Amino acid sequence: MNYSALIQNRKSVREFTDKKVPAAVLAEIEAYYQKSCKRLVPELKTELCIFGDDAKEALEGAAGYNQFLIGAPQYLVLLSEKGELAEENAGYIMEDLVLKLTDMDLGSCWLTFTDSAKVKEALNIASELEVAAIAAFGYGVKAKKRLRINILSMSNVDISAKRHYFDPKRSVEDMVFMDTWGNYEPVSEYIGFFDDMLWEAFYAASLAPSYLNRQAYGFVIHDSRITLVRRPDAYTTEIDGKLSLGIVLLHFTSVASEWAGKIQWRFGQDAGVLQLPEGYEAVASCVL
Ligand SMILES: Cc1cc2nc3c(=O)[nH]c(=O)nc-3n(C[C@H](O)[C@H](O)[C@H](O)COP(=O)(O)O)c2cc1C
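Residues numbered from 1 in each chain as written. Predicted model: local features only at pLDDT ≥ 70, side-chain atom pairs only at ≥ 80, totals over all residues. Heavy atoms only, no water.

J.: Go over the overall build of the protein, please, and point to the residues and values.
T.: For the protein, the count of helices and strands is 9 helices and 11 strands. The buried share of the protein, taken over its 288 residues, is 53%. Taking contacts inside the protein between residues at least 6 apart in sequence as the whole, the part at least 24 apart equals 72%. Looking at the protein as shown, the accessible area adds up to about 13,400 Å², and 48% of this sits on carbon and sulfur atoms. (Helix = DSSP H or I, 4+ residues; strand = E, 2+ residues; numbered from the N terminus. Buried < 20%, exposed > 50% of the residue type's maximum accessible area, 1.4 Å probe, protein only. Contact = heavy atoms within 4.5 Å. Areas by Shrake-Rupley, 256 points an atom, 1.4 Å probe, with all protein chains shown as cover.)

In structure tokens form, the structure reads like this:
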């Protein structure tokens, strides 16, 4: 897959046609998940379930912003065993599937949830694994006006028909810093040294979908390492924050690895010692 192009084309789709997704297409998604899908922590056991439009009624009240569920012909539900980095891993896997859907001309939208047990009960999922990520998908309506979210506040997310434009994203200059958080100036020189390829990877990261479009993260380049930093954000819940971190890691890694080869992330304390403002946290770091 051409990750740069897919990432630039992807956007959340919230309106779908009635066209059914053919069984052969669903089988291709399943086969991709089994054989090719990127994983952050491959040791963690996961399982993919695909549901039809009857899941909408069942999911009503269990998933979606303010329980506003996107009606779609199909839903992907990723199950995962519990464990360290399980949420980040789920974000990474589901976003790779979202980009696979984009590649297959299918539209999709991530869906938030808070209670795995509630979703499992609603969808009659018997597995011992926990619900880790949900996305709606299908053939998107190709219209000038699209449903987009208007985030007024956490409790007031308005979903209405607006002339389509992309949910605004923070620029690379607003999310990548040199040595200390907030220090942008020498980054352009550093990125320039990599002949723009590093910039493409950061650009891909800046386009990552995130919970409520909060983009509660950034990067610091220091001592030849690149560290993903979590920004404190009162709106982002724990699960959605970690899913969003997995998603941004997938965006950066899939593009950077096209020229840098396999990228090894170190998590937790190994992420490195950085002078960060209070409440900020070094999540993971790598060397290219
Ligand atoms: C973890 C997560 C949960 C999300 N939950 C919802 C949701 O419940 N309903 C919805 O309409 N969009 C949801 N979104 C989509 C975001 O609102 C969307 O990615 C963001 O506004 C940026 O827009 P874009 O995806 O078009 O770039 C979610 C995104 C993430 C990453």
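J.: Go over the pairing of strand 3 (residues 107–111), please, and point to the residues and values.
T.: Summarising burial for strand 3: 5 of the 5 residues are buried, a large majority. Neither face of strand 3 is exposed, since Gly107, Cys109 and Leu111 on one face and Ser108 and Trp110 on the opposite face are all buried. Two strands pair when backbone bridges link them, and strand 3 and strand 4 (residues 130–138) are joined in this way by 5 bridges, in the antiparallel orientation. Looking at the pairing, Trp110 lines up with Ala135 of strand 4. (Pairing = 2+ DSSP bridges.)

J.: Kindly report on the sheet that holds strand 8 (residues 217–222), identifying the contributing residues and their values.
T.: Judged by pairing direction, the sheet is mixed, and its 5 strands sit side by side in the order 7-8-9-11-10 without closing on themselves. Because the sheet does not close on itself, it has two edges, and the strands there are strand 7 (176–178) and strand 10 (266–267). In the sheet, strand 9 (residues 225–230) pairs with strand 11 (residues 281–287) via 6 bridges, with the strands oriented antiparallel. Each bridged residue has a counterpart across the sheet, and for Ile226 the counterpart in strand 11 is Cys286.

J.: Describe the sheet that holds strand 4, with residues and values.
T.: Overall, antiparallel pairing links the 4 strands, which are arranged 1-2-4-3 in an open sheet. With one partner strand each, in any of the chains shown, strand 1 (46–52) and strand 3 form the two edges of the open sheet. Neighbour-to-neighbour, the strand axes of the sheet open up by a mean angle of 25°, direction not taken into account. Against the sheet, helix 2 (residues 23–35) contacts strand 1, strand 2 (74–80) and strand 4, and its axis sits at roughly 170° relative to strand 1. Here helix 5 (residues 116–123) sits on the sheet in contact with strand 1, strand 2 and strand 4, set at roughly 55° to strand 4. (Axes fitted to C-alpha atoms, helices over the stretch in contact; angles between N-to-C directions.)

J.: Give a description of the side chain of His251 that names residues and reports values.
T.: Structurally, the position occupied by His251 is in helix 9 (residues 238–260). Those residues in contact with His251, other than ones at most four positions away along the chain, are Ile7, Glu95, Leu99, Ala204, Ala205, Leu207, Ala208 and Pro209.

J.: Go over the site of the ligand, please, and point to the residues and values.
T.: Close to the ligand lie 22 residues; Ser12, Arg14, Tyr65, Asp167 and Lys169 are nearest. In this structure, Arg10 approaches the ligand through a side-chain N or O atom, which is 2.8 Å from an oxygen atom. When the free accessible area of the ligand is taken as 620 Å², the share hidden by the protein chains comes to 98%. Listing elements by their share of the shell around the ligand, those giving two or more residues are strand 3 and helix 9. Per element, the largest residue contribution to the shell around the ligand is 4 residues, and it comes from helix 9. Looking at which domains feed residues into the shell around the ligand, each of domain 1 (3–138) and domain 2 (172–287) supplies at least three. (Near = heavy atom within 4 Å. Polar contact = N/O pair within 3.5 Å; in protein donor to acceptor, adjacent residues only side chain to side chain. Domains from an automatic or database assignment.)

J.: An account of the pattern of salt bridges is needed here, citing residue identities and associated values.
T.: Overall, the coordinates contain 7 salt bridges when judged by the stated rule. Salt-bridge contacts for Arg10 lead to Glu95; the nearest nitrogen and oxygen are separated by 3.9 Å. A residue pair is termed long-range when its members are at least 10 positions apart, and Arg10 in the loop between helix 1 (3–9) and helix 2 and Glu95 in helix 4 (residues 86–103) qualify at 85 residues. The pair Arg10 / Glu95 is uniform in exposure class, with both members buried. Residue Arg230 pairs with Glu238 through a salt bridge whose shortest N-O separation is 3.7 Å. (Salt bridge = Lys/Arg side-chain N within 4 Å of Asp/Glu carboxyl O.)

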